[in-house]
Amino acid sequence: MFDMKHLTRLKHLDENAPETMKAFWAFDKAVFSEGALTVQQKQLIAVAVALTTQCPYCIELHTKAARDAGATDEQLSETALVAAAIRAGGAVTHASHLFRG
């Protein structure tokens, strides 16, 4: 199912919901612009979220953007491990619902 070529199909959203998609693309551009966080920091956050949600498109796109912003293998490795810790931590903390009292 995953194929980066499928992203060309997003044009159908642009065609069928032009105002909404225009707003989405403007929002996306603003979010990833330099601000209190650097572009690199924002892209590393995006990689961590993408790994957590396991979206292969997002993983590929944001890893490339992070690298383009200067992210190193070491930074990407730590980002991946933060994502893994958060995902595992969610399973551990939700285990509290398994027990009574």
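Everything discussed here concerns the structure shown above.
K.L.:
Please set out the pattern of salt bridges residue by residue, giving values where relevant.
P.N.:
The full count for this structure, using the stated rule, is 3 salt bridges. In this structure, Lys64 engages Asp68 in a salt bridge whose closest nitrogen and oxygen atoms are separated by 2.8 Å. Separated by 4 residues within a single helix, Lys64 and Asp68 lie in helix α4 (residues 56–68), roughly one turn from each other. Relative accessible area serves as the criterion here: at 52%, Lys64 is assigned to the exposed category. Across the salt bridge formed by Arg67 and Asp73, the nearest N and O atoms sit 2.7 Å from each other. We classify Arg67 as partly exposed; its relative accessible area is 41%. By relative accessible area, Asp73 is classed as partly exposed at 47%.

K.L.:
Please set out the environment of Trp25 residue by residue, giving values where relevant.
P.N.:
You can see Trp25 is positioned in helix α2 (residues 18–31). Residues Trp25 and Asp14, spaced 11 residues apart in sequence, show a C-alpha to C-alpha distance of 9.6 Å. Excluding anything up to four places from it in sequence, Trp25 contacts Leu10 and Asp14. Here the side chain of Trp25 touches Asp14 through a polar contact of 2.8 Å, side chain to side chain.

K.L.:
Give me helix α3 (residues 39–53): which residues, what numbers.
P.N.:
With 15 residues, α3 should reach 21 Å at 1.5 Å per residue; the first-to-last C-alpha distance of 21 Å fits that figure. Among the residues making up α3, those that are buried are Gln40, Lys42, Gln43, Leu44, Ala46, Val47, Ala48 and Ala50. Structurally, α3 contributes buried residues whose contacts are with α2, α4 and α5 (73–94). Downstream of α3 by a residue or two, Gln54 has a phi angle that is positive, lying close to 60°.

Procedures and definitions
- Residue positions are given per chain, counted from 1 along the sequence in the order it is written.
- Given that the model is predicted, a residue must reach a pLDDT of at least 70 before its local features are reported, and side-chain atom pairs must reach 80 or more before they are shown or counted; all residues, however, enter totals for whole chains, interfaces and linings.
- By convention in this description, side-chain values take in all heavy atoms of the structure and omit both hydrogens and water.
- Here, a salt bridge means any Lys or Arg side-chain nitrogen found within 4 Å of an Asp or Glu carboxyl oxygen.
- By definition, any uninterrupted DSSP run of H or I lasting at least four residues is a helix, any uninterrupted run of E lasting at least two residues is a strand, and each is numbered from the N terminus.
- Burial here depends on accessible area, computed with a 1.4 Å probe over protein chains only, as a share of the maximum for the residue type. Under 20% is buried, over 50% is exposed, and the range in between is partly exposed.
- Two residues form a contact once any of their heavy atoms are found within 4.5 Å.
- The definition of a polar contact used here is a pair of N or O atoms within 3.5 Å, where within protein one atom must be able to donate a hydrogen and the other to accept one, and adjacent residues in sequence count solely through side-chain atom pairs.
- Expected span of a helix: the number of residues minus one, times 1.5 Å.

Take it as geometry only, folks, not as evidence of what the structure does.
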